[in-house]
Amino acid sequence: MKGFVIVLLIGSLFCSCNKEEPVKIETFSTEAFAYDLGNSWEVNATTRVKGFSQKEEGNNFRATIAYDIDLVTPAGDTIKALIIRVEDKTDSENITDIPLEAQFELDSTYAAGEYKIVFNVKDVLNNNKAISTASFKIVNE
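Some words on the overall build of the protein
And then number 1: Counting its secondary structure elements, the protein contains one helix and eight strands.
And then number 2: Every one of the 141 residues in the protein was classed for burial, and the buried ones make up 30%.
And then number 3: A separation threshold of at least 6 residues defines the contact pool for the protein, and within that pool the share at least 24 residues apart is 62%.
And then number 4: As displayed, the protein offers around 9300 Å² of accessible surface, 51% of which is attributable to carbon and sulfur atoms.

Thoughts on the side chain of threonine 47
And then number 1: Mapped onto the secondary structure, threonine 47 falls in strand 2 (residues 41–50).
And then number 2: Threonine 47 sits in the buried class, given a relative accessible area of 1%.
And then number 3: At 3.2 Å, the side chain of threonine 47 forms a polar contact with the backbone oxygen of phenylalanine 28.
And then number 4: A polar atom in the side chain of threonine 47 sits 2.6 Å from the side chain of threonine 30.

Thoughts on the sheet that holds strand 1 (residues 26–36)
And then number 1: With respect to topology, three strands assemble into an open sheet ordered 1-2-6, the strand pairing being antiparallel. Taken across any chain shown, the strands that pair with only one partner, and hence form the sheet edges, are strand 1 and strand 6 (97–106). Recorded for the sheet is a direction-independent mean angle of 15° between the axes of neighbouring strands.
And then number 2: Here ten bridges tie strand 2 to strand 6, and the two strands are oriented antiparallel to one another. Paired with threonine 47 across the bridge in strand 6 is leucine 100.

Calculation criteria
- Residues numbered from 1 in each chain as written.
- Predicted model: local features only at pLDDT ≥ 70, side-chain atom pairs only at ≥ 80, totals over all residues.
- Heavy atoms only, no water.
- Helix = DSSP H or I, 4+ residues; strand = E, 2+ residues; numbered from the N terminus.
- Buried < 20%, exposed > 50% of the residue type's maximum accessible area, 1.4 Å probe, protein only.
- Contact = heavy atoms within 4.5 Å.
- Areas by Shrake-Rupley, 256 points an atom, 1.4 Å probe, with all protein chains shown as cover.
- Polar contact = N/O pair within 3.5 Å; in protein donor to acceptor, adjacent residues only side chain to side chain.
- Pairing = 2+ DSSP bridges.
- Axes fitted to C-alpha atoms, helices over the stretch in contact; angles between N-to-C directions.

Rendered as structure tokens:
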């Protein structure tokens, strides 16, 4: 009986140690900048993603990240999915993070003030999602 209890404890310890932690996607280093082009503004936005699922295919690792970018105006209006992209990354080594970026132009109809970029990020392999934001200003001189 004593041996059975010891085997049971060792077995349960072994099983609990082998459980993988669920993958949790995270965004970090989110930034946005607006450059005056005269009659319009060029906006550059970037973020980095980590904690996504990867599929091993042959000797390569593959990850797919889908994302869209919302723009929140100074008046509080949201322009949904201004940019929609999918980043498919393949590497011979485990992928630690993936940079995401977008570049777009805002014409002279956009008012001066503080805008916000919202990255809506989705790990395609496991449907986990993350959101990150960054602010930028348009200043009329």
